Structures are given as structure tokens and as C-alpha cells.
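Structural description and commentary
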Amino acid sequence: MQLFLILYNTLVVAVLGLLCPLWIALVGLREKYRQTFFQRLWMAPLTPGGEKNGNDPIPATIWIHALSVGEVLSAESLVKALARKHGSANLVFTASTHTGIQMAQRIIAPYVRAVRHFPYDMIFSVKRAVAVLRPRMVVIVETDLWPNVLYHLNRKAVPVYLVNARLSDRSHRGYRRVVFLMGPLLSIPRRIGVQSENDRRRFLDLGVHRQNIIVTGNLKFDQSPVTVGEDEREQLSAALGIRAGKPAWVAGSTHPHEEEILGKAFRRLREAGMDLTLIIAPRDPKRATDVCEVFRRLEIQATTMGQHDAQNRSSAVVVIDRLGILRQLYALADVTFVGGSLVKAGGHNPLEPASVAKPILFGPYTDDFAWICRMLENEGGGIRVPDGIRLSAMIQELLMDEAKRIQIGEVAYSIFKRHQGAVARTLNVMAS
């Protein structure tokens, strides 16, 4: 391990030296890098008592980390359970990306002492973070593994738990090529709670001891239920320009190039006489204006949600330019599409529309949620479409058959409910 770390840190220094001008330019020119750079380089101290507890002394913390938006959403139910068990003053949460921090401030902050940026994996940044947080336990959600972080925690005898862990086929193949490096890293966590039996086999293949891996299920099944009351439904529909009785198609977590496929599918539906509204939520809400331009090039009227709010401009397509409302949007939908799946982006979480009993469509690329999508598809709670042409045909079929829409949504919801309990199993793993 020592030799590996020497080689790793030598490589880090060399890469930083080569890329330093580019890094400086990115920090100077891109807001999202500017907002995270210094926080990740040198973690801000915790105030006594945290951001909400006055002058109480700073206790040793339980440090929970999630990479970005998807992992933060996965962590929500676990953080709430840990807050009930240990008290929010004893929890600190980190995320790596700017959007992950934004989501954590929105849904995690009420249950923890503080939300911080995850440190860069450089020795001085890692040492600073560990000195600030004084962790007595570290919980990493999914598989965001960094050598200096893990090594320093191990040297300090801080137990690390990897929870909700998963390995896609692509990640497993990549790790297999460097198993001589990944083996020592994966030996550091005290326990690894994995999402599925397939994930367990992949971790075993990378050399993790059998007794250190437990199948706990997917934390996303334990997300809090979404309830959209009649008043909230009316307000959200008005904010989106959805008329009463007009069907809505919600496409969530979409990616570049995928929106053009969706735009052509939407145009085919309109040409077939379907009068519907498309609500499209890009994975990065800051792309909303660019996504509108994609639709305008296809001669389809599109506005952002903010433009509709400001100017009361309704349009055939509304592009969401804010975080944190996707599940409420799915609750309004007649039919849903989960993005990142018509392009090679691994797909996104189909459990969000399943949790509100909506029919779910997704494309061929679902590596990141393979077993969930396969289960939905096999049991009739989700439909896989190979391309945009089949997508538009299936949406037309579903919009014309309300009974089929309801049946598919109910099956999706039953799958969602049947697999809950991952939080309790994960807490048991962390207690062992």
C-alpha cells in the first residue's frame, strides 16, 4: 500500500503540474468550479455546535459522503435514520459536485450538523478535512473511492463503511484491469453493503473477503413518499402551463444529444395528432436554455420554467431550470421517460417515477440501474425502447389506453414497495 500511495501521489503531482494552467482557467471562467475549488482544497472549520447548535463543543462526527445528486438522493433516508439514532449534531455530510452540494443543502442539511465539500484527494486537503471533521465513523454512499482519503482514515483507525455499493459491468471490467490497485483499497472498508447479488459477486471477484460483503438492497427504495396535494398540483400545473385534461409526458435526467432524440419523438407525436405537453428536466438544470434551443431548431416551441413564471408564457415544451422537483413532476405525469438511457450515459433512477405509480419508459443503456430496470421490464412495470421512433409509438399507445397506463404504474409501485427495508439492513451492517 505504501508503494502504491507513493506512486499515486507522484502521478497526482505530475498531472497537476501539467494541467495547472487549464485548472486555473476553469476556476476563473466556470462558476461551478469557482464555487467548489477553495472549499475542496481547504475545508472550512465547523463552528462550535455546528450551523445550528449555538456554542456546543464540536463532537467527533459520523461523516457521510455522497458523490453527486443521485447519490445524495440515495443517502436521504439513511441520513434521516442516522439522525434519529445519533442526533443531527453528530452528523456531517459531504458531496463532491456543485449540484450535489445544492441538493444536499436542500434535503440533507436539516438532519446534519453541517454540509461541506468533499476534499480533493491531495494529502494536505485530506488531512485538513479529517482534522476538521474528527470522524469516528465514515459512511461512503455507493462507490466514490479515493486512495489518500481511505489510507489516511485507515491510518487513523477510523472505521469506513461502503453502503449502497454497486459495480456496473463497465466499472467492474475497469477495476479488474487494475485489481492489484483496487484490492488493497477495497480491503480498507470494515463492511460493504451492496445493492444486489450481482454486485456482491463483482466485489468478491475484486478480492474483497466474503465476510465483509452483505447484500442490503438499494437505499433508493426507501426514499420518502411524494405526496402532491390538490392545491400543490394546481400550482405546479399552472407554473408549467399544463391545462386541465391535457396529458403530460415527463422526461427526467436527460443528457446532451438525448434531447434531440426526444424532440423528434415529440414532433412525431404532434404530427400524429397528439395534443400533449412535454416537461423535460435535464440532468444539469443549467443546460435548460441550451435544451430549449435544441427544440427550437426542430421548430418546436420551448421555454424554461423560469421564463414561464416570469412572463406567463405557455409552450408545448417546458424545460426545468431548477433542482429538487423531479419527483413532484413525475407525480403530475401521465407517462414518464428516464433519461441517460437513449445515449450511453448509464441511465438514471427509475424508482422515482415508480414511487408515484407512473408507467416508466427507458432506453437501451441502463448499466447503472441494470437489475432494477430488468426487474421492472420483466414484471411489467417498465418498458424498454430501442430508439426514439419506438419511444414515440409507445407513448402514443399509452396515452390512448388509460387502463394500461394505470396497470403499468401499479406494477412499478408494487416493485418499489416490495424492496424497501435497505436502510434498516444498512444500519445493521454499520453496527457490526
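Residues numbered from 1 in each chain as written. Predicted model: local features only at pLDDT ≥ 70, side-chain atom pairs only at ≥ 80, totals over all residues. Heavy atoms only, no water.

1. Section: the pairing of strand S3 (residues 114-117)
Burial along S3 is two-sided: Ala114 and Arg116 facing one way and Val115 and His117 facing the other are all buried. Sheet topology note: the strand S2 (residues 91-95)/S3 ladder contains four bridges and is parallel. Among the inter-strand pairings, Ala95 is bridged to a residue of S3, identified as His117. (Buried < 20%, exposed > 50% of the residue type's maximum accessible area, 1.4 Å probe, protein only. Helix = DSSP H or I, 4+ residues; strand = E, 2+ residues; numbered from the N terminus. Pairing = 2+ DSSP bridges.)

2. Re the sheet that holds strand S9 (residues 277-282)
Overall, parallel pairing links the seven strands, which are arranged S10-S11-S9-S8-S12-S13-S14 in an open sheet. The sheet terminates laterally at strand S10 (302-304) and strand S14 (382-384), the two strands that pair on one side only. Sheet twist, expressed as the average angle between the axes of neighbouring strands with direction ignored, equals 20 degrees. Bridge analysis of strand S12 (residues 335-338) against strand S13 (residues 360-362) gives three bridges, and the strand direction is parallel. (Axes fitted to C-alpha atoms, helices over the stretch in contact; angles between N-to-C directions.)

3. A short note on the packing of aromatic side chains
Going through the model one piece at a time under the given rule, you end up with six aromatic pairs. Between Phe37 and Phe38 the ring centres are 4.9 Å apart and the planes differ by 80 degrees, which places this aromatic pair in the edge-to-face class. Phe37 gets classed as buried once you look at its relative accessible area, which sits at 14%. For Phe38, a relative accessible area of 54% translates into the label exposed. Three or more aromatic residues link up through ring pairs in this structure, and these residues are Phe221, Trp371, Tyr413 and Phe416. Above the ring of Phe369, the side-chain terminus of Arg166 is found at 5.6 Å from the ring centroid. (Phe/Tyr/Trp six-rings, centres within 6.5 Å; stacked < 30°, edge-to-face > 60°. Lys NZ or Arg CZ within 6 Å of the ring centre and 35° of its normal.)

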